[in-house]
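Geometric and topological summary
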Amino acid sequence: MLKIAARIVCTIMTLTLAATATTARAEWWEARTSHFIIYSETKREDAEAFARDLERFDNALRTMQNMPVPGPDVGDANRLKVYRTGDTDRLGYILNASGAGIGGIYFGRAGNPTSFVPAREKRSLSRGIDTSGPQLDIRSTLFHEYTHHFMLSNFSTAYPHWYTEGFAELYSTIRFNPDGSFHVGDVPQHRGEMLKQLSDTKLTRLLDTKVKLNGLEYYQSYSFGWLLAHYLNFHPARKGQIQTYLSAVNRGEDSLAAAKNAFGDLDALQREVRRYKSGPFLGYDIKPANYAEPVVTMRRMSAAEEAVMQAHMRSVRGVTRSQAKDVASDLRSKAAPYPESLFVQLALAEAEIDAQNFDAADAAADRAIAVDANSPLAHYWKAMVAMGRGEKDKAAYAAARPHLVKARRIDPKDPRPAIAYYQSFYDAGEAVPEPAIIALEEVFPYASYDPTYRLLLGRQLIDEKKGDLARSVLAPIAFGSHSSDEENPLQAVIAAIDAKNLDEARTKMAEIYKKMKDARDGKDRR
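Residue indices follow the written sequence of each chain, beginning from 1 at its first position. Totals for whole chains, interfaces and linings use every residue, but because this is a predicted model, local features are given only for residues with pLDDT of at least 70 and side-chain atom pairs only at 80 or more, for both listing and counting. Values reported for side chains reflect all heavy atoms of the structure, with hydrogen atoms and water molecules removed beforehand.

Bringing the overall build of the protein chain into the picture now. Elements are defined by DSSP. Helices are runs of H or I of four residues or more, strands are runs of E of two residues or more, and each kind is numbered from the N terminus. Along its length, the protein chain carries 24 helices and 9 strands. The cut-offs for exposure are 20% and 50% of the maximum accessible area for each residue type, with area from a 1.4 Å probe on protein chains only; residues under the lower value are buried, those over the upper are exposed, and the others partly exposed. Counting every position in the protein chain, which comprises 526 residues, the buried fraction comes to 51%. We call two residues in contact whenever any of their non-hydrogen atoms come within 4.5 Å of each other. Long-range contacts, defined as pairs at least 24 residues apart, comprise 66% of the intrachain contacts of the protein chain with a sequence gap of at least 6. Carbon together with sulfur atoms contributes 54% to the accessible area of the protein chain, which is approximately 24,100 Å² in total. Areas reported here follow the Shrake-Rupley algorithm with a probe of radius 1.4 Å; residue values treat only the protein chains shown as occluding.

Written out as structure tokens, the structure is:
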């Protein structure tokens, strides 16, 4: 009798624990808007609200730039994929990021722009982190990075480093009002302490793109860049001057001379900005015409998708060759029960390619094609298996091309097949045919947010002796660095183009690609 009772109790406990485990299983939601796909390990309501805010932010940027809202369809490949999970510490662990926590990471990869953000805030006290002051919050971090993505996607304007970062900070604090309006100009609180404690960056150095800033100056350029951008954009006495300055820089004028012509006495401007640092800070509300709430489409992710999500995030984040083996093994074991899940097989194919397990990747791509013969990504990964094999056997590149052609035909908005098709000839050491060059150029509207793509297209345009076009493609990323570490090699390319010396520009571009290859080989990264 006691044994029977004990068995009953054990059975009840087992069922209770099983029910608890099922209830406690994390919810993963997919939220889609015009410009975002969010994978969120949260409650549905939270994921939906987060997606709506992101789309409102894109709409706000479009409103301020006098662009249509919500704009043309960018296609799934170019929607920013945002992965939300854990807190700042947990996400840092998943992504193998340094430091105690992470507020967000963005990767502007053509056909797969991706961001990782925590689902909730946390600062670890156990690791000696001072949590007393204002912290960089998740929302502002993502807004900041998306501003970079937005500007590269829509404009070919060259911004100096201080303005690139200051402009992104300026918009990162946009505040939405219930009536559909939004407020621009709030102070990024996490920058306040740096502005207060650190000395100003000298404007005659900050505004000169030829100057190599020292470490402290470069660090402070983010905060002081925001302050200067805020002042020049909002103070009535300086109205229109920033546009004059940026136009001159984009015409190829010396940046310091352009600053003096646009702003006048830089020492006077320095004093004005120093006083402005004490506030009050100006700003304004904007009410879009015909405002409509963004449409968010929600879907509870399947058990198969949830099973591989953690490993998939590590794969998408990027791995070294040694890490790739572990990630592929982890994903392979989790994917085994789901041979008919398109999402799972696509994720597995990518991970196996990273690990150079080409036979396994080929099999996963075949399973994906069997599930959906019209999946552009399935054909793309099938092609990338051949591209991977081509590193040792150049004849393999030809096998990639039919799948790349099919993937591009299925989804013309995904730039990856066109880029890979071009690369398949270049890497094979073959003459690149005209259709491949045309395809590379045609996907610019869908890949311009990717600096690596801009480099590739810029190199091709220089080879074609189209210097002016090459400059317009390269300039937005050439002036985005003001580092103290070394000379900016892209600025040397631009200088050669401006001097009408395309042979020198070609030589400088070859040096950039050699350094990139050496760095990639040295760090053993995919």
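On we go from here.
Definition used for salt bridges: Asp or Glu carboxyl oxygen within 4 Å of a side-chain nitrogen of Lys or Arg. Going through the model one piece at a time under the given rule, you end up with 38 salt bridges. For Glu-293, the salt bridge is made with Arg-52, and the minimal N-O distance between the two is 3.2 Å. Here Glu-293, found in the loop between strand 8 (284-286) and strand 9 (297-300), pairs with Arg-52, found in helix 2 (residues 44-64); they are 241 residues apart in sequence, far enough to count as distant. The exposure class of Arg-52 is partly exposed, given its relative accessible area of 24%. One salt bridge connects Asp-359 with Arg-389, and the closest N-O pair in it is separated by 2.7 Å. Placement of Asp-359 in helix 15 (residues 358-371) and of Arg-389 in helix 16 (residues 376-390) is noted, with a sequence separation of 30 residues between them.

Judged by how many residues are buried, strand 2 (residues 36-40) sits mostly within the fold: 5 of 5 residues are covered. Burial of strand 2 is two-sided: the residues Phe-36, Ile-38 and Ser-40 facing one way and the residues Ile-37 and Tyr-39 facing the other way are all buried. Any two strands are treated as partners once DSSP identifies two or more bridges connecting them. Sheet analysis places strand 1 (residues 29-32) next to strand 2, joined by 4 bridges and oriented antiparallel. Its bridge partner lying in strand 2, Trp-29 is registered against Ser-40. Two successive antiparallel strands, strand 1 and strand 2, enclose a turn made up of 3 residues. Seen with its strands pointing away from the viewer, a crossover is right-handed when the path leading from the first strand over the helix to the second is clockwise. Taking the sense of rotation as the criterion, the β-α-β connection linking strand 2, helix 2 and strand 3 (residues 80-84) turns out left-handed.

What pLDDT conveys is the predictor's confidence in a given residue, as a value from 0 to 100. On average, residues of the protein chain score 87 in pLDDT, and 88% of them reach the 70 mark or higher. Below a pLDDT of 50 lies the segment residues 1-24, which in the model reaches 0 contacts outside its immediate sequence neighbourhood of four places, other chains included. The low-confidence segment residues 124-134 (pLDDT under 50) makes 10 contacts with residues lying over four places distant or belonging to another chain.

The next thing to look at is the side chain of Arg-84. Here Arg-84 shows up in strand 3. In this structure the side chain of Arg-84 is engaged in a polar contact, spanning 2.9 Å, whose partner is the side chain of Ser-40. For Arg-84, the contacting residues outside a window of four places in its chain are Trp-28, Ile-38, Tyr-39, Ser-40, Glu-41, Thr-42, Asp-46, Ala-47, Phe-50, Val-117, Pro-118 and Ala-119. Counted as a polar contact is a pair of N or O atoms within 3.5 Å, where, for protein atoms, one must be capable of donating a hydrogen and the other of accepting one, and residues adjacent in sequence contribute only when both atoms are in side chains.

Because each turn of an α-helix spans 3.6 residues, side chains separated by three or four positions in sequence point in the same direction. Here, expected helix span is obtained from the residue count minus one, scaled by 1.5 Å. With 12 residues, helix 18 (residues 416-427) should cover 16 Å at 1.5 Å per step; its first-to-last C-alpha distance of 15 Å lies within 8% of that length. Across the 12 residues of helix 18, 10 count as buried, placing the element largely inside the fold. Of the positions making up helix 18, those classed as buried are Arg-416, Pro-417, Ala-418, Ile-419, Ala-420, Tyr-421, Tyr-422, Gln-423, Ser-424 and Phe-425. Looking at the buried side of helix 18, the elements it contacts are helix 16, helix 17 (397-410), helix 19 (434-442), helix 20 (444-447) and helix 21 (451-463). Just downstream of helix 18 lies Gly-429, where phi reads positive at about 75 degrees.

Below, the discussion takes up the packing of aromatic side chains. Put simply, two rings from Phe, Tyr or Trp (the six-membered ring, in Trp's case) pair if the centres are within 6.5 Å, and we call them stacked under 30 degrees between planes, edge-to-face over 60, tilted for the rest. According to the stated counting rule, one finds 24 aromatic pairs in the structure shown. Plain terms: the ring middles of Phe-57 and Phe-143 are 4.0 Å apart, the flat faces sit at 5 degrees to each other, and that makes the pair stacked. Here the residue Phe-57 occupies a position in helix 2, and Phe-143 occupies one in helix 4 (residues 138-154), the gap between them amounting to 86 residues. You'll find Phe-57 and Phe-143 in the same group, each marked buried. Their ring planes at 25 degrees and their centres at 5.9 Å tell us that Tyr-159 and Phe-167 sit as a pair that is stacked. Owing to a relative accessible area of 7%, Phe-167 belongs among the buried residues under this scheme.

To continue, consider the packing of helix 14 (residues 342-354) against helix 15. It is the contact of helix 14 with helix 15, at a shortest axis distance of 8 Å, that shows an interaxial angle of 160 degrees. Judged by the inter-axis angle, helix 14 sits roughly antiparallel to helix 15. As for how helix 14 packs across helix 15, the hand of that crossing is left-handed. Across the interface between the two elements, Leu-342, Gln-345, Leu-346, Leu-348, Ala-349, Glu-352 and Ile-353 of helix 14 pack against Phe-358, Ala-360, Ala-361, Ala-364, Ala-365, Arg-367, Ala-368 and Val-371 of helix 15. Asp, Glu, Lys and Arg are counted as charged, while Ala, Val, Leu, Ile, Met, Phe, Trp, Tyr, Cys and Pro are counted as nonpolar; the rest, among them Gly, fall into the polar class. Of the residues in the contact of helix 14 with helix 15, the class split is 12 nonpolar, 1 polar and 2 charged. Here an angle of 0 to 180 degrees is reported between the N-to-C directions of two axes, which are lines fitted to C-alpha atoms, with helices fitted over the stretch in contact. Roughly parallel covers angles under 35 degrees, roughly antiparallel covers those over 145, roughly perpendicular covers 65 to 115, and oblique covers all other angles. By definition, any crossing whose near helix is turned counterclockwise from its far helix by less than a right angle is left-handed, and any crossing with a clockwise turn is right-handed.

Taken together, the 4 bridges between strand 1 and strand 9 define a ladder with antiparallel strand orientation. Each bridged residue has a counterpart across the sheet, and for Arg-32 the counterpart in strand 9 is Thr-297.

Throughout this description, the term nonpolar core refers to a set of buried Ala, Val, Leu, Ile, Met, Phe, Trp, Tyr and Cys residues connected via side-chain atoms within 4.5 Å. Ranked by internal contacts, the top residues of the largest apolar core, which has 99 residues, are Trp-162, Leu-207, Tyr-245 and Phe-263. Once you skip the residues sitting within four places of it in the chain, Tyr-245 turns out to touch Pro-160, Trp-162, Leu-207, Ser-255, Ala-258, Ala-259, Ala-262 and Phe-263. Ranked by size, the runner-up nonpolar core spans 53 residues in total, among them Leu-91, Leu-95, Ala-328 and Ala-378.

In space, the 3 strands of this open sheet follow the order 6-7-8, with antiparallel pairing throughout. At either end of the open sheet lies a strand with only one pairing partner, and these are strand 6 (175-176) and strand 8. By the bridge criterion, 3 bridges tie strand 7 (residues 182-184) to strand 8 in an arrangement that is antiparallel. Note on strand 8: the bridge partner recorded for Val-184 is Tyr-284.

This paragraph deals with helix 21. Its 13 residues give helix 21 an end-to-end C-alpha distance of 18 Å, which sits within 8% of 18 Å, the value for a rise of 1.5 Å per residue. Burial analysis of helix 21 places 10 of its 13 residues in the buried class, which makes it a mostly covered element. Taken as a whole, helix 21 has its buried residues at Tyr-453, Arg-454, Leu-455, Leu-456, Leu-457, Gly-458, Arg-459, Gln-460, Leu-461 and Ile-462. One side-chain oxygen at the N-terminal end of helix 21 lies 2.8 Å from the backbone nitrogen of Thr-452; it belongs to Asp-450. The first or second residue beyond helix 21 is Lys-465, which carries a positive phi of 65 degrees.

A few words now on the sheet that holds strand 5 (residues 114-117). Here 6 strands make up an open sheet; going across it, the order is 4-5-3-2-1-9 and the pairing mixed. Either end of the sheet is taken by a strand with one partner, and the two such strands are strand 4 (105-107) and strand 9. Sheet twist, expressed as the mean angle between neighbouring strand axes with direction ignored, is 15 degrees. Taken together, the 4 bridges between strand 3 and strand 5 define a ladder with parallel strand orientation. Looking at the pairing, Tyr-83 lines up with Phe-116 of strand 5.

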